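Descriptive analysis of the structure
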Amino acid sequence: MAEVKSRIRTLHTMLTDKEISCKELTETYLRSIAEVNKNLNAYVNVTEDVALTTAEKIDKQIASGENLPLLAGIPMTLKDNISTNGIETTCCSKILQGYKPIYNATVWNILQNNGAVLLGKTNMDEFAMGSSCETSCFGGAKNPHNLGYVAGGSSGGVASAVGGNIAVYGLGSDTGGSIRQPASFCGIVGLKPTYGSVSRYGLIAYASGFDQIGPITTTVEDTAIVYDTISEYDIMDSTSQGNKGVKTLDTLRNDIKGMKIGIAKEYLEGIREDVKEAILNACKVYESLGAEIVYFDLPALKYSLPVYYILACAEASSNLGRYDGIRYGYKTPSYRDVNDMICKTRSEGFGSEVKRRIMLGTYVLSAGYYDAYYKKAQNLRGTIVREFKNAFEKVDVILAPTVPMTAFETGKAVSDPIETYLTDICTVPINIAGLPAVSVPCGFDGKGMPIGMQLIGKNFDEAKILNVAWQYENVTHDTMFRSAEMGVKS
Ligand code: GLN
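Being a predicted model, the structure only gives us computed values, none of them experimental. (Residues numbered from 1 in each chain as written. Predicted model: local features only at pLDDT ≥ 70, side-chain atom pairs only at ≥ 80, totals over all residues. Heavy atoms only, no water.)

1. Re the site of the ligand
Rule in force here: Near is defined per residue: the residue qualifies when any heavy atom it owns lies within 4 Å of the molecule or strand. As used in this structure description, the phrase polar contact means that two N or O atoms lie within 3.5 Å; if the pair is within protein, one of them must be able to donate a hydrogen and the other to accept it, and residues adjacent in sequence are counted only when both atoms belong to side chains. Per-residue and other accessible areas follow the Shrake-Rupley method at a 1.4 Å probe size, with only the shown protein chains counted as cover for residues. Two kinds of site are reported from a 1 Å grid over the protein atoms alone, namely cavities, where a 1.4 Å probe fits but cannot get out, and pockets, open sets with protein on both sides within 12 Å along at least five of seven lines, and residues are called lining when an atom falls within 4 Å of a point. Whether a molecule lies in a cavity or pocket depends on its atoms, and more than half of them have to be within 2 Å of the grid points. Residues are sorted three ways: Asp, Glu, Lys and Arg are charged, Ala, Val, Leu, Ile, Met, Phe, Trp, Tyr, Cys and Pro are nonpolar, and all the rest, Gly among them, are polar.
Around the ligand, the surrounding shell holds 15 residues, and the nearest of these are Ala128, Gly176, Ser178, Tyr308 and Arg357. Ser154 is positioned such that a nitrogen or oxygen atom in its side chain is 3.5 Å from a nitrogen atom of the ligand. With respect to the ligand, the side chain of Tyr309 contributes an N or O atom lying 3.3 Å from an oxygen atom. Compared with its free state, where it exposes 300 Å², the ligand has 100% of that area covered by protein. Cavity membership is defined here by more than half of the atoms lying within 2 Å of grid points; on that basis the ligand lies in the largest cavity. A breakdown of the residues in the shell around the ligand according to their chemical character gives five nonpolar, seven polar and three charged.

2. Observations regarding the pattern of salt bridges
The condition is simple: Salt bridge, as used here, is a side-chain nitrogen of Lys or Arg placed within 4 Å of a carboxyl oxygen of Asp or Glu. What counts as a helix is a DSSP run of H or I of at least four residues, what counts as a strand is a run of E of at least two, and both are numbered from the N terminus. Three labels apply to residues, based on accessible area from a 1.4 Å probe with only protein chains included: buried if under 20% of the type maximum, exposed if over 50%, partly exposed otherwise in between.
Within the structure shown, the criterion is met by 18 salt bridges. Across the pair Lys23 and Glu27 runs a salt bridge, and its minimum N-O distance is 3.5 Å. Within this pair, Lys23 and its partner Glu27 are both found in helix α2 (residues 22-40), separated by four residues, close to a single helical turn. Residue class for Lys23 comes out partly exposed when judged on its relative accessible area of 33%.

3. Considerations on the sheet that holds strand β7 (residues 189-192)
What counts, and what does not: For two strands to pair, DSSP has to find at least two bridges joining them. Whenever a helix is involved, its axis is fitted only over the stretch in contact; in every case the axis is a line through C-alpha atoms, and angles between N-to-C directions fall within 0 to 180 degrees. Here, two residues are considered to be in contact whenever any of their heavy atoms come within 4.5 Å of each other.
Pairing within the open sheet is mixed, and its 11 strands lie in the order β1-β3-β2-β6-β8-β7-β12-β13-β11-β9-β10. Of all strands in the sheet, those bounded by a partner on one side alone are β1 (43-46) and β10 (292-296). Mean inter-strand twist for the sheet, computed between neighbouring axes without regard to direction, equals 30 degrees. By the bridge criterion, three bridges tie strand β2 (residues 75-79) to strand β6 (residues 169-174) in an arrangement that is parallel. The residue of β6 that forms the bridge with Leu78 is Leu171. Of the strands in this sheet, β9 (260-264), β10, β11 (397-401) and β13 (450-456) are in contact with helix α12 (residues 371-394), which crosses β11 at around 120 degrees.

4. Side note on empty space enclosed by the protein
Here is the rule: Grid points are joined across faces, edges and corners, and a volume is the space filled by probe spheres set on the points.
For the structure shown, the criterion picks out four cavities of 30 Å³ or more. For the largest cavity, the lining is made up of 16 residues, of which Gly130, Gly176, Ser178, Tyr308 and Asp424 are closest to its centre. Looking at the lining of the largest cavity residue by residue, the class counts come to four nonpolar, 10 polar and two charged. If you add up the space inside the second largest cavity, you get close to 70 Å³. Contributions of two or more residues to the lining of the second largest cavity are made by β12 (437-444) and α16 (462-480). With five residues, α16 is the single largest residue contributor to the lining of the second largest cavity. By residue class, the composition of the lining of the second largest cavity is seven nonpolar, three polar and one charged.

5. A closer look at the pairing of β12
The element β12 is extensively covered by neighbouring structure, given that eight of its eight residues are classed as buried. In this structure, β7 lies alongside β12, joined through three bridges in antiparallel fashion. Bridge assignment links Leu191 to a residue of β12, and that residue is Val438. Both β12 and β13 contribute to a ladder of seven bridges, which runs antiparallel. Its bridge partner lying in β13, Ala437 is registered against Ile456. What sits between β12 and β13 in their antiparallel hairpin is a turn of five residues, with Gly448 showing a positive phi close to 85 degrees.

Below, the structure written as structure tokens:
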């Protein structure tokens, strides 16, 4: 059986063999965006000039025979909360419309140094708060497998663009599932790295103690290539640790015989039957590859949602205090005094989901309620961290569903936002514990919508989870990956 083809490697070879020029490749993607984006609503800002200027530079480097990194000349996208110097960065919020950062996020500096071709900035839930991309002030991104369904969120635009092949890969951010959930909904791969391994400098904060930037790609190898590139130590981020010298690509194809793959029983409770079946089928695949399935308990899982929503909202209420109409973006046109100006700017500039979370966060931090909510949630966070730690004494990686269901129909999350919080149950524990997890496609539901599973590792064990993910993808790719039949034909 032929190996899964890395899209990045294939294009890299085509570029360096001069089968196609970087300008032609970029123009092909830009044409496809012009055609498909009106349906997908994946891009909120197409940076054609930036893309073509880089493409010309890369073509010159190829002509002069320079040795180029794998990502050079590859057309990609960034979620619109990753700061790009001189390029509008809005977090898909009215309050940041027109805001052009005066510096680059570290990840974007790294990618630029690697010759990445930025096609544009992609859609997201406002300030990354949501699971459907529909809290975006630009309207939600659609699922490339069926336009009647959401792409997921909050990095819905990146997943829609990569799944619909109007970008080869993209960077999203994940605070409670925002890389993995949309990747799962769109039938592609998404990695939430260990907290601290990828610099958050220049990522507009939602909840700084949880936020991580990571890749969304079509294959595990592409994820490994992008992760290895962006996971550098960064002096500009006080929580940065880099990847500790580990290159995930080196061990991607390792044998997994004898490896222990853990399943927490609690992770299989209350999830949809077809999703459960897909996970159990994945266990069989792993057994056939020589791995051992080990069941264990994770009783604290039930506290994850309240812990996440208390702590993330508390951090958000503090982080979003800076939008006061003075320093960035939107300012109300008429006001009496400075208090009135700030109040009106925030009331008019933020959408209702963001306001709900700022209020909730302010409440749990307020003098009379701090002990009852915030402190309790912090203590429980410790319990969740410990339970994962204990589990990793018995198993190498943990296998779990990414989402308890598949993509929802458009409009459903907006009509019942609280109900959609429940769908974050499988992803938020990982952010609470700071662990790395990758979502890979593992099946389809009766309507043809993709199902995803996540492989969770110990801190800084990205190499192991990507190795285990690659082995699964390698034997199932032909059945588990379906091209969304739009965008650039590969
Ligand atoms: N869906 C989760 C939320 O609404 C996670 C969002 C995220 O990871 N940015 O908070």
